[in-house]
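Read off the chains here:
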Amino acid sequence: MLQDYLVPETVEQALSHLQENKGKARIIAGGTDLLLDLKEGKKEAGILVDITKIPGLQMITVENGFVRIGAAVTHNQVAKSDIIRDKASVLAQAARSVGSLQIRNSGTVVGNVLNAQPAADTAVALTALGAVAEILSPAAKENLPVEDLYAGLGKSAVDSASQLLTMVQFPALSTNQGSAFERLEQRKALALPMLNVAVVVSLSGEQFEWARIVMAPVGTKPVRATGSEAILTGARVTSEIIEKAAGAAIAQANPRDSALRGSREYRLEVLPVLVRRALESAVAQAKANS
Ligand SMILES: Cc1cc2nc3c(=O)[nH]c(=O)nc-3n(C[C@@H](O)[C@@H](O)[C@H](O)COP(=O)(O)OP(=O)(O)OC[C@H]3O[C@@H](n4cnc5c(N)ncnc54)[C@H](O)[C@@H]3O)c2cc1C
């Protein structure tokens, strides 16, 4: 049962609330996942520590070539941000595809990552961007890649009863780079997609320098299609090589059969199409930028 709702104004206050109420308090941001989890008894917390009024966590900035997104930033703020549209459009697309307007107005990108659903739209995009999260505990600060925040299906490596994830950061895309997001969904009311794919490519003239291809839900967390990435590294940009790389993505995909989100066979059939489309869009963006 909820006993208190605390609204700190600084990160230090938030951490001391967690420390003083050892194990009983828990961070809340938009509450779109947490309130349902509390109601259904999947998580427990007597005290909620609301971080959305901490000014330092409300910012989207770009500094020294790195984009930073604070933990109180919502999906809509990310989707509308000129910085994100310009420097990481894959993330703007992913944030725009989350739930409904109300969900996007209160749900945060960081909360989406910490809920640890494999198909969390912004976690898939952040993994493709090579994003790293800053995590504070009362006595320590650590930086972890977003993909390493998944400790299992629906289980985060961050303990929200004692730790605060303050922000995620990643390199801003430069002029020879492009990115794209593809999503297969049954209908808009469905909370999570049947499949989603995020791609970032870096070109050197007519060649791929490198590519990061991330797909979900085809495992317990967003999955890198490293075999496809290896096919593209150093290869000439042609539709044949894109087709070949897209086809290879299924080797690392292990989707489950789902009555709600489609059969394994169907998802394996469609996945290469989404990867191909995302690669084509990302290449087109990189060429238009350079
Ligand atoms: C109807 C509906 C539709 C949805 N559709 C989609 C969809 O299409 N795609 C999609 O990806 N998701 C979807 N979602 C889920 C999405 O809304 C959430 O994942 C959201 O982004 C979570 O953010 P939040 O700020 O609300 O997190 P909260 O619910 O506040 O918190 C989530 C978890 O993270 C912890 N936490 C939050 N912030 C921090 C922090 N800074 N440090 C430490 N711990 C923290 C909390 O304690 C909690 O355990 C949907 C949800 C609903 C209800």
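Residues numbered from 1 in each chain as written. Predicted model: local features only at pLDDT ≥ 70, side-chain atom pairs only at ≥ 80, totals over all residues. Heavy atoms only, no water.

Caption draft 1: Spotlight on the site of the ligand. Close to the ligand lie 33 residues, the nearest being Ile27, Thr32, Asp33, Thr108 and Ala191. Taking Arg183, its side chain carries an N or O atom lying 2.7 Å from an oxygen atom of the ligand. Compared with its free state, where it exposes 1,000 Å², the ligand has 92% of that area covered by protein. Breaking the shell around the ligand down by element, the ones donating at least two residues are strand S2 (25-28), helix H2 (34-39), helix H7 (109-114) and strand S10 (164-171). Sort the elements by how many residues they give to the shell around the ligand and H7 lands first, with four residues. Looking at the shell around the ligand residue by residue, the classes come out as 16 nonpolar, 12 polar and five charged. (Near = heavy atom within 4 Å. Polar contact = N/O pair within 3.5 Å; in protein donor to acceptor, adjacent residues only side chain to side chain. Areas by Shrake-Rupley, 256 points an atom, 1.4 Å probe, with all protein chains shown as cover. Helix = DSSP H or I, 4+ residues; strand = E, 2+ residues; numbered from the N terminus. Nonpolar A, V, L, I, M, F, W, Y, C, P; charged D, E, K, R; others polar.)

Caption draft 2: Looking closely at the domain arrangement of the chain. Considered domain by domain, the chain is made up of domain 1 (4-50), domain 2 (60-171) and domain 3 (177-289). Distance from the C-alpha centre of domain 1 to the C-alpha centre of domain 2: 18 Å. For the pair domain 1 and domain 2, the summed buried surface comes to about 1,200 Å²; carbon and sulfur atoms form 64% of the total. Looking at the side of domain 1 facing domain 2, the largest losses of area belong to Leu15, Thr32 and Asp33, adding up to 36% of the total buried there. (Domains from an automatic or database assignment. Buried area = accessible area lost by both parts, 1.4 Å probe.)

Caption draft 3: Molecular detail of the UniProt feature "domain: FAD-binding PCMH-type" (unreviewed entry) in the chain. UniProt tags residues 1-169 as "domain: FAD-binding PCMH-type" (unreviewed entry). Along residues 1-169 the backbone is 33% helical and 25% strand, and the end-to-end C-alpha distance reaches 35 Å. (UniProt positions renumbered as here; feature names shortened; annotations may be inferred.)

Caption draft 4: Examining the sheet that holds strand S3 (residues 47-50) more closely. Overall, parallel pairing links the three strands, which are arranged S1-S3-S2 in an open sheet. Each edge of the open sheet carries a strand with a single partner, namely strand S1 (4-6) and S2. Here the average twist between neighbouring strands, direction ignored, is 25°. Where helix H1 (residues 11-20) meets the sheet, it contacts S1, S2 and S3, and its direction lies at approximately 150° from that of S2. (Pairing = 2+ DSSP bridges. Axes fitted to C-alpha atoms, helices over the stretch in contact; angles between N-to-C directions. Contact = heavy atoms within 4.5 Å.)

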